[in-house]
Amino acid sequence: DEWAEAHMIVPRDAAKAGPYRIEHTPMARRIMQVLSPRHPARRVVVKGASQMLKTQVALNWLMASAHRAPANMLVLEPTDSLAKRLSARISKCIRDVKVLQTTFVPPRSRDNRNTVFAKDFEGGTMYIATAGAAANLAEIPARYWYVDEASRLKASVDGEGDPIALAEARATTFEGTSKGLITSSPGEAGNDPTDEQFERGTQEVYLVPCPHCGHHHELVIENFQYERDPDTGFMARAWFVCPDCGAEIDERHKGQMLRDEALGGTAHWHANSLGDGETVSFHVSAFYAPVGSISWLKLARELAHARARYERGDPNALQVFTN
């Protein structure tokens, strides 16, 4: 987390371009701290909504590790197109972050050691692969491994087993110092490998204070309410109800509610399980999206639309919203 704020640059085409600031997504601080070499966790799982901090946290970790604790890295995506997209984002980091410009081999160097699927740096190589073929997972010793969009992975790679387990097996020669990150937006319940990985860990949720009574609670759909304008029928308002005092919490309170202790607030991660002793897992929904991103009102419109379709016999929209 300290490295990210000191060095990371978010590219110009992003919503919050410029120097990376944790205050934009305070929930990310603990996730990055757990990914630090100082933390004993061997496996970190982040299950969250689309566009919710997952990729940026992964980039911060990979780039910080390449600069400060270099070793081989294996990065897995479910498809070639996603692998190429992530590679492009990594290339932008190398281009824009000053300390990385001398850490990584230049992309057009004479020996061509910085390609789409392999990026050399001082002390190691980052291999970016597709998890759809066993050959991509074999014979690559890696201290760090990252599996993105785990819910979209095949249950078995060419009949050789779980691709997450195969990826983690690449770190066996780094026993005691390896670190893995698994991120994903949720898939279908009962058929999502992310769920199993999440349940191995501490199952942490982010608790925010009620602005009226101070009670800390998770932002869950059961406490989410909305109403339409009686004249126009348009969605007019969306809010949460505090599960303790019953007061209404408007979105204008969200910026203050999300702040952790380091930012002068009281929001914090709460573990619901001891886990297996080596996995730390996190869950974060779109209700926690930073101000300026998807709003509660927008989510209310989507939810109302999905519920209306469900009542007409079509469950697909509600499944998409829930995921």
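Remember, it's a predicted structure, so these values are computed and weren't measured experimentally.

Q: Sorry, what's going on with the overall build of the protein here?
A: Along the backbone of the protein there are ten helices and 15 strands. Dimensions of the protein, computed from the C-alpha atoms along their principal axes, are close to 65 × 45 × 40 Å. Among the 323 residues that make up the protein, the fraction classed as buried is 49%. Here the contacts in the protein between residues at least 6 apart in sequence split such that 71% fall between residues at least 24 apart. Of the accessible surface of the protein, which amounts to about 15,700 Å², a share of 49% is contributed by carbon and sulfur atoms. Charge-centre separation for the protein: the mean point of 37 positive side chains lies 7 Å from the mean point of 41 negative side chains.

Q: Please clarify how the pairing of strand S9 (residues 204–209) should be interpreted in this entry.
A: Of all six residues making up S9, six are buried, and the element is well covered by its neighbours. Along S9, one buried face is formed by Glu204, Tyr206 and Val208 and the opposite face, lined by Val205, Leu207 and Pro209, is buried too. Sheet topology places S9 next to strand S14 (residues 268–271); four bridges connect them, and they run antiparallel. Residue pairing across strands places Glu204 opposite Ala271, the latter belonging to S14. One ladder, built from two bridges, connects S9 with strand S15 (residues 279–284); its direction is parallel. Residue pairing in the sheet places Val205 in a bridge with His283 of S15. By the bridge criterion, three bridges tie S9 to strand S10 (residues 216–218) in an arrangement that is antiparallel. For Pro209, the partnering residue across the bridge sits in S10 and is His216. Hairpin remark: S9 followed by S10, antiparallel, with six residues in the connecting loop; positive phi at Gly214, about 85 degrees.

Q: Looking at this structure, I do not really get the nonpolar core. What am I missing?
A: The nonpolar side chains of a soluble globular protein tend to be buried, and buried together. Counting residues in each nonpolar core, the largest one holds 73 residues, and the members touching the most others are Met27, Ile31, Met63, Met126, Tyr288 and Trp296. If you tally residues by element for this core, the top one is helix H3 (residues 54–68), at eight residues. Leaving out residues up to four positions away in the same chain, Met63 has contacts with Trp3, Met8, Ile90, Cys93, Leu100, Phe104 and Met126. Listed in part, the 16 residues of the second largest apolar core include Ala129, Trp145, Ala167 and Phe198.

Q: Got a minute to help me understand the sheet that holds strand S13 (residues 248–249) in this structure?
A: A sheet is described by the order of its strands in space; here three strands give the open sequence S11-S12-S13, paired in antiparallel fashion. Looking at strand neighbours, the two that pair on one side only are strand S11 (224–228) and S13, the edges of this open sheet. Sheet topology note: the S11/strand S12 (residues 235–241) ladder contains five bridges and is antiparallel. Within the sheet, the bridge partner assigned to Tyr226 lies in S12 and is Ala238.

Q: Sorry, what's going on with the packing of helix H2 (residues 28–35) against H3 here?
A: How two helices pack is summed up by the angle between their axes together with the distance between the axes. One can describe the packing of H2 onto H3 by two numbers: an axis separation of 10 Å at closest approach and a directional angle of 35 degrees. Note that H2 runs across H3; the crossing there is right-handed. Counted together, Ala28, Ile31, Met32 and Leu35 of H2 and Val57, Asn60 and Trp61 of H3 form the full contact between these two elements. Tallied by class, the residues present in the contact of H2 with H3 amount to six nonpolar, one polar and no charged.

Q: What am I meant to see in the packing of aromatic side chains here?
A: Any pair of aromatic rings gets described here by the distance separating the centres and the angle formed by the planes. Tallying each qualifying case throughout the model produces ten aromatic pairs. With centroids separated by 6.0 Å and ring planes inclined at 75 degrees, the aromatic side chains of Tyr206 and Tyr288 adopt a geometry described as edge-to-face. With Tyr206 in strand S9 and Tyr288 in the loop between S15 and helix H9 (296–311), this residue pair connects regions lying 82 residues apart in the sequence. With respect to burial, Tyr206 and Tyr288 carry one shared label: buried.

Q: Even after reading the chapter, I still don't get H2, so can you show me in this structure?
A: What sets the pattern is the α-helix's 3.6 residues per turn: residues three or four places apart point alike. Buried residues dominate H2, accounting for six of its eight residues. Of the positions making up H2, those classed as buried are Ala28, Arg29, Ile31, Met32, Val34 and Leu35. Among the structural elements, helix H1 (2–7), strand S3 (43–48), H3, strand S8 (179–184), S14 and S15 are those in contact with the buried residues of H2.

Criteria and thresholds
- Residues numbered from 1 in each chain as written.
- Predicted model: local features only at pLDDT ≥ 70, side-chain atom pairs only at ≥ 80, totals over all residues.
- Heavy atoms only, no water.
- Helix = DSSP H or I, 4+ residues; strand = E, 2+ residues; numbered from the N terminus.
- Buried < 20%, exposed > 50% of the residue type's maximum accessible area, 1.4 Å probe, protein only.
- Contact = heavy atoms within 4.5 Å.
- Areas by Shrake-Rupley, 256 points an atom, 1.4 Å probe, with all protein chains shown as cover.
- Lys, Arg positive; Asp, Glu negative; His and termini not counted.
- Charge placed at Lys NZ, Arg CZ, Asp CG, Glu CD.
- Pairing = 2+ DSSP bridges.
- Core = buried A, V, L, I, M, F, W, Y, C linked by side-chain atoms within 4.5 Å.
- Axes fitted to C-alpha atoms, helices over the stretch in contact; angles between N-to-C directions.
- Left-handed = near helix turned anticlockwise from the far one by under 90°.
- Nonpolar A, V, L, I, M, F, W, Y, C, P; charged D, E, K, R; others polar.
- Phe/Tyr/Trp six-rings, centres within 6.5 Å; stacked < 30°, edge-to-face > 60°.

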